[in-house]
Amino acid sequence: MFTPLYKFDFFGVEISFVVAVIIGIMFGFTLERAGFGDAKKLAHQFYFRDMTVLKVMFTAIIVAMIGTLLLNLVGILDMSLIYLNPTYLGPQIAGGVIMGIGFVIGGYCPGTSLVASATGKVDGFIYIAGALFGMLIFGETFPLFQDFTVSGFMGNAKLTDLLGLTPGVVAFLIILMALGMFWGAEILEKKFGAEES
Amino acid sequence: MQDTKEKYWSPYVAGFVLGLVLLATFVVMGRGLGASGAMMRTVTYVVDTVSPEHVDNNSYFAKYAGGDKNPLSNWLVFEVVGVILGGLLSGLMAGRFKWKTEHGPRITPKGRWAYAFLGGGIMGFGARLALGCTSGQALSGGATLATGSWAFMMVMFASGYVVAYFVRKQWI
Amino acid sequence: MQEITITSGRHMHHIDPHLTIWGWEIPVYLFFGGLVAGILFFSAVYFLRGKEDEMHATVRIAPLFVPLLLSLGLFALFLDLEYKLHVFRFYTAIRLESPMSWGSWTLAIIFPLSFLWALMHAEKVFPNWRYPYAWMENAMTYVKKYAKVIAWLLIYYAAILGIYTGILLSAFNARPIWNTAILGPLFLVSGLSTALAFNMILSKNKEEKHRLGRIDLIAIGIELFLIIHMFMGFLASTQIHVEAVTLFLGGPYTAPFWIFVVGIGLIIPAFIEILDSLHKVKSTLIPAFLVLFGGLMLRFIIVDAGQFSSWVY
């Protein structure tokens, strides 16, 4: 195993920044091509008119998930070296609720608002200003709910441990679930998408 | 609207490419993608410029910029610079670069701006509480099968669908 | 350009091991110097080729900004001087071997010339232009007879000014990163490129914009060549040069240099300009702004890195 390249010291911090820009360009390019620079397209997700967000996200998750599993299997990628988001159920669920509200009201998530601004969307710029303001408020009020932000800590918990299944089986279940969702999405789009004039 | 829409990639193609980008990030860097972390660092940078003492006294800001640390010297910050460039290039090449405000038929642009600011503010707060946004938690955490990220993702979409009814005038 | 009293060999605050006396003022001064040189150069060249009407913004409008831009640059330089009243000393001593000396003389010549040049074109840009006194009118009629001479002088002095903005650094050979003859041409070409970008922003004529864009592509190509050439030269040189250049190849200046100067300032605008010339994208001013940003970053980073690199560790 020799990847992740960065963790095996193929290059240093400074080069990693150059890599960051290149990966970021690909990321931003893809988001824009998917139509994520358009708030209406994103928000119509929540009215079953345009299920692009769901389709893109789950396809991406599946591709990256299968890719990492395969590369790990053939001995190229050391999965234990990939950063795993630690689980803090309390703040993550509360944050999820808040972000769902913010998503429908604001029309973007932070990443897509950057792409929207880059293509000249005024509401994208205003959304970013709002997000920066919200983060400032979070930082300023942080001491008030500091204890809550570490509640429900489960360490580097993975779905595999939670369900007691092997990664392959979990991946298979996720793919099944996604296929079901894609199928449902196509039906919903046919039903509600037609209203769009 | 109709003709520009055709130029978007099919969602499955876009998702496949996005998955490859994410996979490349795992293989090259050993970490996922993100966006809100870079925004937080920008906020911290501004606060640090105005009042370094304030940053050192606040445990949250200090994590990013305590002492001599430069909050902008970070992988995510450079990645976000790339995201902006990538979005710009794609928009230019597809003829979609245009100054305008996206809004539904029943709301004025000014009304949309107010919603955008409010929604952005809520999202910014929530993203810091949830330790990441759609890119950092749902996408990157989802692909690495992190339990908390999946919980976050499910709750976020559920919450969005519940609230959607109340702000429908903005969009449809 | 701060005067520093040197009393002992080493361990001098602000000089050893890292020179930290130049802040934002010098890069800004070099940026405006290069921009002004480029504006005057293209204005004079297209004037002599009789393209005043096709290249209206380049020949006539851009020079109107020169006195202002040059003043801003010189003001930045002035802020950098520790003994501001000693400014006249640059002119009491003419030393051919000192670039600071001939740089200041070049500026002393180019400033009034550019002012006359701007006045000549102001009459054409503003149809209601009137001089308050008759003698001024007469004087300008006299000056206009020598327009071609002034144009030639401008080309000559603009080139010197452009090269000087780079030589100013490389003459300071105590700093390995600046110790290369390529900085002169590199800063000259970069200055020309920023001027083309500036003209593109001013121009309202599609033809002119496209022509400027094509020349800018050539300038960017030359710049990339010079940058690669510079690094190859360093790598083939002494150990100290090799160590100095690793500042840009893995060292602390790697990310800013390759991302902001080479990526955002050269490759991405070149890419957009190529697409533009192939009519694949709508013409925008984005590449022009990126080029201006890249030019400014180049000067900031080279000035900063030069102060960081040193012969002794």
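Fair warning: this is a prediction, and the values are worked out from it, not measured in the lab. (Residues numbered from 1 in each chain as written. Chains lettered and ligands numbered in written order. Predicted model: local features only at pLDDT ≥ 70, side-chain atom pairs only at ≥ 80, totals over all residues. Heavy atoms only, no water.)

A.B. asks: Looking at this model, I keep getting lost on the pattern of salt bridges. Mind explaining?
C.D. replies: Any two side chains of opposite charge can pair if their charged atoms end up close together. Tallied over the entire structure, the rule returns 8 salt bridges over all chains. Here B:Arg96 makes a salt bridge to A:Glu32, at a shortest N to O gap of 2.8 Å. Taken together, the residues span two chains, with B:Arg96 in the loop between α6 (75-93) and α7 (109-129) and A:Glu32 in helix α1 (residues 13-34). There is no split in this pair, since B:Arg96 and A:Glu32 are both buried. A salt bridge links A:Asp123 to B:Arg112; the shortest N-O distance between them is 3.1 Å. Placement of A:Asp123 in helix α6 (residues 122-141) and of B:Arg112 in helix α7 is noted, with the two residues assigned to different chains. (Salt bridge = Lys/Arg side-chain N within 4 Å of Asp/Glu carboxyl O. Helix = DSSP H or I, 4+ residues; strand = E, 2+ residues; numbered from the N terminus. Buried < 20%, exposed > 50% of the residue type's maximum accessible area, 1.4 Å probe, protein only.)

A.B. asks: How should the interface of chain B and chain C be read in this particular structure?
C.D. replies: How big an interface is tends to be stated in terms of the accessible area lost upon association of its parts. Each partner contributes residues to the interface: chain B has 8 residues there, and chain C has 13 residues. Applying the counting rule to chain B against chain C returns 0 salt bridges. At the boundary of chain B with chain C, the tally comes to 0 residue pairs in polar contact (both at pLDDT 80 or more). Within the side of chain B that touches chain C, the residues separate by chemical class into 8 nonpolar, no polar and no charged. (Contact = heavy atoms within 4.5 Å. Polar contact = N/O pair within 3.5 Å; in protein donor to acceptor, adjacent residues only side chain to side chain. Nonpolar A, V, L, I, M, F, W, Y, C, P; charged D, E, K, R; others polar.)

A.B. asks: Looking at this structure, I do not really get the nonpolar core. What am I missing?
C.D. replies: Grouped burial of nonpolar side chains is what soluble globular proteins tend to show. C:Leu35, C:Trp117, C:Leu186, C:Phe248, C:Phe257, C:Ile259 and C:Ile302 are the most contacted members of the largest nonpolar core, which has 196 residues in total. With 15 residues, the top contributor of residues to this core is helix α1 (residues 25-48) of chain C. When sequence neighbours within four positions are dropped, the list of residues in contact with C:Ile259 reads A:Phe17, A:Val18, A:Val21, B:Phe78, C:Thr254 and C:Ile264. (Core = buried A, V, L, I, M, F, W, Y, C linked by side-chain atoms within 4.5 Å.)

A.B. asks: Hey, could you run me through the environment of A:Thr87 in this one?
C.D. replies: Inspection of the secondary structure puts A:Thr87 in strand β1 (residues 87-88). Spatially, the C-alpha atoms of A:Thr87 and A:Gly155 are 5.7 Å apart, while their sequence positions differ by 68 residues. Those residues in contact with A:Thr87 that lie beyond four places of it in its chain are A:Gln92, A:Gly152, A:Phe153, A:Met154, A:Gly155, A:Ala157, B:Thr147 and B:Gly148.

A.B. asks: How do you make sense of the packing of helix α4 (residues 89-106) of chain A against α7(B) when you look at a structure like this?
C.D. replies: For any two helices packed against each other, one specifies the crossing angle of their axes together with the interaxial distance. For the pair α4(A) and α7(B), the least separation of the axes is 7 Å and the interaxial angle reads 165 degrees. In terms of orientation, α4(A) lies roughly antiparallel with respect to α7(B). Where α4(A) crosses over α7(B), the two elements pack in a sense that is left-handed. Contact residues: A:Pro91, A:Ala94, A:Gly95, A:Ile98, A:Met99, A:Ile101, A:Gly102, A:Phe103, A:Ile105 and A:Gly106 in α4(A); B:Arg112, B:Tyr115, B:Ala116, B:Leu118, B:Gly119, B:Gly120, B:Ile122, B:Met123, B:Phe125, B:Gly126, B:Ala127 and B:Leu129 in α7(B). Counted by class, the contact of α4(A) with α7(B) contains 15 nonpolar, 6 polar and 1 charged residues. (Axes fitted to C-alpha atoms, helices over the stretch in contact; angles between N-to-C directions. Parallel < 35°, antiparallel > 145°, perpendicular 65-115°, else oblique. Left-handed = near helix turned anticlockwise from the far one by under 90°.)

A.B. asks: Would you mind showing me how to read helix α5 (residues 110-118) of chain A here?
C.D. replies: Think of an α-helix as 3.6 residues a turn; residues three or four steps apart then line up on the same face. Residue and element names in this part refer to chain A. Of all 9 residues in α5, 9 are buried; the element is thus mostly enclosed. Looking only at α5, the buried set comprises Pro-110, Gly-111, Thr-112, Ser-113, Leu-114, Val-115, Ala-116, Ser-117 and Ala-118. Within two residues after α5, Gly-120 carries a phi angle of roughly 90 degrees, on the positive side.

A.B. asks: Explanation requested: the domain arrangement of chain B in the structure shown.
C.D. replies: Residue and element names in this part refer to chain B. Here the domain parsing of chain B yields domain 1 (1-99) and domain 2 (102-172). On a C-alpha basis, the centroid separation for the pair domain 1 and domain 2 is 17 Å. Taking both sides of the interface into account, the surface hidden between domain 1 and domain 2 amounts to around 780 Å²; carbon and sulfur atoms contribute 66%. Across the contact surface, domain 1 and domain 2 share 0 salt bridges. The tally of links between domain 1 and domain 2 comes to 4 residue pairs in polar contact (both at pLDDT 80 or more). (Domains from an automatic or database assignment. Buried area = accessible area lost by both parts, 1.4 Å probe.)

A.B. asks: What is the right way to read a nonpolar patch on the surface from this model?
C.D. replies: Residues and elements named next belong to chain A. Together, Met-154, Leu-162, Leu-163, Leu-165, Val-169, Phe-172, Leu-173, Leu-176 and Leu-179 line one region of the surface with nonpolar side chains, adding up to about 810 Å² of accessible area. Put simply, the parts of the chain that give the nonpolar patch at least two residues each are α7 (159-163) and α8 (167-192). Per element, the largest residue contribution to the nonpolar patch is 5 residues, and it comes from α8. Structurally, Leu-162 can be placed in helix α7. You can call Leu-162 exposed: its relative accessible area is 53%. (Patch = residues over 30% accessible without salt bridge, like charges linked within 9 Å, V, L, I, M, F, W, Y side chains within 5 Å. Areas by Shrake-Rupley, 256 points an atom, 1.4 Å probe, with all protein chains shown as cover.)

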